[in-house]
Amino acid sequence: MTIFPGGRRRAALALALSGVLALTATACGDDGSGSGGEKGTEGSGKGKITFWDNNGGVRTDIWKEIIADFEKANPDIDVEYVGIASKEVQSKYDTAIQGDGLPDVGGVGAAMLAGIAAQNALEPLDARVEGSSLKGKLNNAMLRSVTAAGGQDKLFTVPTSASNGVLYYRTDLFKAAGLPEPTTWSKFYAAAEKLTAVDKNKFGYTIRGGAGSIAQALDAIYGQSGITSFWDGDKTTVNDPKNVAALEKYAALYKKTTPAADVNNDFTKMVAQWDSGEIGMLNHNLGSYQDHVKALGTDKFRGIPNPTLDDGTRVQVSNPVDGLGLFSTSKNKAAAWKFIEFAASHASNSKWNKSAGAIPANTEAAKDPWLQEAEPTKLGADVLFSGEATIVELPYYLPDWNTISKADNEPGFQKVLLGKSTAKEFLDGLAEQLNAAQAEWKQQNP
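Parameters and conventions
- Residues numbered from 1 in each chain as written.
- Predicted model: local features only at pLDDT ≥ 70, side-chain atom pairs only at ≥ 80, totals over all residues.
- Heavy atoms only, no water.
- Helix = DSSP H or I, 4+ residues; strand = E, 2+ residues; numbered from the N terminus.
- Rg over C-alpha atoms; globule rule 2.2 N^0.38 Å.
- Buried < 20%, exposed > 50% of the residue type's maximum accessible area, 1.4 Å probe, protein only.
- Contact = heavy atoms within 4.5 Å.
- Areas by Shrake-Rupley, 256 points an atom, 1.4 Å probe, with all protein chains shown as cover.
- Lys, Arg positive; Asp, Glu negative; His and termini not counted.
- Charge placed at Lys NZ, Arg CZ, Asp CG, Glu CD.
- Pairing = 2+ DSSP bridges.
- Axes fitted to C-alpha atoms, helices over the stretch in contact; angles between N-to-C directions.
- Phe/Tyr/Trp six-rings, centres within 6.5 Å; stacked < 30°, edge-to-face > 60°.
- Lys NZ or Arg CZ within 6 Å of the ring centre and 35° of its normal.
- Parallel < 35°, antiparallel > 145°, perpendicular 65-115°, else oblique.
- Left-handed = near helix turned anticlockwise from the far one by under 90°.
- Nonpolar A, V, L, I, M, F, W, Y, C, P; charged D, E, K, R; others polar.
- Polar contact = N/O pair within 3.5 Å; in protein donor to acceptor, adjacent residues only side chain to side chain.
- Salt bridge = Lys/Arg side-chain N within 4 Å of Asp/Glu carboxyl O.

Another point: the overall build of the protein. For the protein, the count of helices and strands is 19 helices and 14 strands. Its C-alpha radius of gyration of 22 Å places the protein within 12% of the 22 Å reference for a compact globule of 446 residues. For the protein, the C-alpha atoms occupy an extent of roughly 65 × 45 × 35 Å along the three principal directions. By the burial criterion, 56% of the 446 residues in the protein qualify as buried. Across the protein, contacts joining residues at least 24 apart in sequence account for 75% of those joining residues at least 6 apart. Element-wise, carbon and sulfur atoms account for 51% of the exposed surface of the protein, whose accessible area totals about 18,000 Å². The protein carries 45 positive and 53 negative side-chain charges, and their two centres are separated by 3 Å.

Below, the structure written as structure tokens:
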């Protein structure tokens, strides 16, 4: 796929989309109600639909269980499951928009929502939610989040879950070392150093240097600097001197108190490494909680919200709300919507989020007993919705956000870890891209 910078990229993709709509959308379920050359139609509400899971492999089993439940309740609808690894889903959607065909339904996280919606690939869902059993049953904060993330003041996904940054730490290792719980950044850094014995292959922390590194780094940066907004007027605060200093300190952990392999580790490798080794701390989100329980039980680790400043101030960046989108090229939107409505219902949403350890979007599911029993999820929900934290809202509404925060800058962050670039150089470059994207978005959305 040819990558175009900024507006040229979106214009090219929009042009390609017009071509897609003139061709058969081969991956879309079609019950015979519409010809392949037409834009999507409602269809009969029966037949086959295709669903793309945006975290395939990790969440395949629970989705297949929900699909089986749905097909039992709707025997005239057949759901084809396609699992796509989270690190590949953005490019898969872009490629499908350009010509290979979109699914009927797909998981779309808030971080990539604006880029897909800008290409007119998603159906607005406001009216469908209003006229469905989901009306009044979805968390208002999550609804606001995905509406803002779409960049057009429309609901392009039905929110299903929210997560937030978690600091997992080995309670057994902390106890043996006589260390206090790493509730503040100063305690975190002290623990990282004390728990490290490089010659014995023991490390205090594992840092994410591979895919998905930028969001985690931003959480650590803003959490330490205490800066409470991503923008100062039309300019980003990402390269504020306080953030630069925070990144310098954070990146300096690499190879000093972390394994050398971390420079290439995505979350899957990082989580597996933490679960199987003697590493003191891991930053991830609620999604890996069940993996840790399976590997370590419940008595060797704890998951707490990310550290605060010494005075108790808690600043964290927003985590993208996950959701289900209905694609505009679907020839069976009625059946696709039935699946979305079912997946976001009380029972299914509770089942999915219990498996993932995430915070349910369905307000009835959020009251289920398991949420109180899963401590990291309960603590995360308390932080998100109790007003304890200042949330720095990342600009998911920028169509280029996902590209900027992933492919464009992950290699740059690795250079910082390896000492081939300074924190200031990296953040100045990131800021330049963000400021340009913000200016372009404001010009297009006066």
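Further notes follow.
The strand order across the open sheet built from 4 strands is S6-S9-S5-S10, with neighbouring strands paired in mixed fashion. Both edges of this open sheet fall to strand S6 (203-206) and strand S10 (301-305), since each of them pairs with a single strand only. In this sheet, adjacent strand axes meet at a mean angle of 20 degrees when their direction is disregarded. Where strand S5 (residues 165-170) meets strand S9 (residues 279-285), 5 bridges bridge the pair, whose relative direction is antiparallel. Residue pairing for S9: tyrosine 169 is matched across the bridge by methionine 281. Sitting on the sheet, helix H11 (residues 267-276) touches S5, S6, S9 and S10, and the angle it makes with S9 is about 145 degrees.

Let us look at the pairing of S5. Of all 6 residues in S5, 6 are buried, a share of seventy percent or more. Burial along S5 is two-sided: Gly165, Leu167 and Tyr169 facing one way and Val166, Tyr168 and Arg170 facing the other are all buried. With 5 bridges joining them, S5 and S10 adopt antiparallel strand pairing. Its bridge partner being in S10, arginine 170 is matched across the sheet by phenylalanine 301.

Enumeration over the complete set of coordinates arrives at 25 aromatic pairs. Members of the aromatic cluster, connected to one another through ring pairs, are Phe51, Trp63, Phe70, Tyr81, Phe339, Phe342 and Trp352. The ring of tyrosine 189 carries the charged tip of lysine 249 above its face, separated from the ring centre by 4.5 Å.

In this structure, arginine 128 sits in helix H5 (residues 126-130). If we skip the residues at most four places from it in the chain, arginine 128 touches Glu42, Glu123, Leu326, Lys333 and Trp337.

Within the element layout of this structure, leucine 379 appears in helix H16 (residues 375-386). On the accessibility criterion, leucine 379 (22% relative accessible area) is partly exposed. Setting aside chain neighbours within four positions, we find leucine 379 in contact with Arg302, Gly303, Ile304 and Pro305.

Bringing the sheet that holds strand S3 (residues 105-107) into the picture now. The mixed open sheet is built from 6 strands, whose spatial order is S2-S1-S3-S12-S4-S13. Each edge of the open sheet is held by one strand with a lone partner, namely strand S2 (77-83) and strand S13 (359-360). Lying over the sheet, helix H2 (residues 60-73) contacts strand S1 (47-53), S2 and strand S12 (322-326), oriented at roughly 175 degrees with respect to S2.

Here the focus is the packing of H11 against helix H12 (residues 289-296). In the contact formed by H11 and H12, the axes pass within 9 Å of each other and the chain directions differ by 30 degrees. By the angle between their axes, H11 is roughly parallel relative to H12. When you trace H11 past H12, the crossing you get is right-handed. Contacts from Val271, Trp274 and Asp275 in H11 reach Asp291, His292, Ala295 and Leu296 in H12. Across the contact of H11 with H12, the residue classes tally to 4 nonpolar, 1 polar and 2 charged.

Let us look at the side chain of threonine 184. Residue placement: threonine 184 occurs in the loop between helix H7 (171-177) and helix H8 (185-194). Overall, the relative accessible area of 9% leaves threonine 184 in the buried class. A distance of 3.2 Å separates the side chain of threonine 184 from the side chain of serine 186, its partner in a polar contact. Dropping the residues within four chain positions of it, threonine 184 is found in contact with Pro307, Thr308, Leu309 and Asp310.

With that out of the way, let us pick up the pattern of salt bridges. Counted according to the given criterion, the structure contains 16 salt bridges. Note that glutamate 123 and lysine 333 form a salt bridge whose closest N and O atoms lie 2.9 Å from each other. Of this pair, glutamate 123 sits in the loop between helix H4 (110-117) and H5 while lysine 333 is found in helix H13 (residues 333-343), placing the two residues 210 residues apart along the sequence. With a closest N to O distance of 2.8 Å, glutamate 375 and arginine 302 form a salt bridge. Note that glutamate 375 is positioned in helix H16 and arginine 302 in strand S10, a separation of 73 residues in sequence. The class of glutamate 375 is partly exposed, set by a relative accessible area of 30%. Through salt bridges with shared partners, one network takes in Glu42, Glu123, Arg128 and Lys333.

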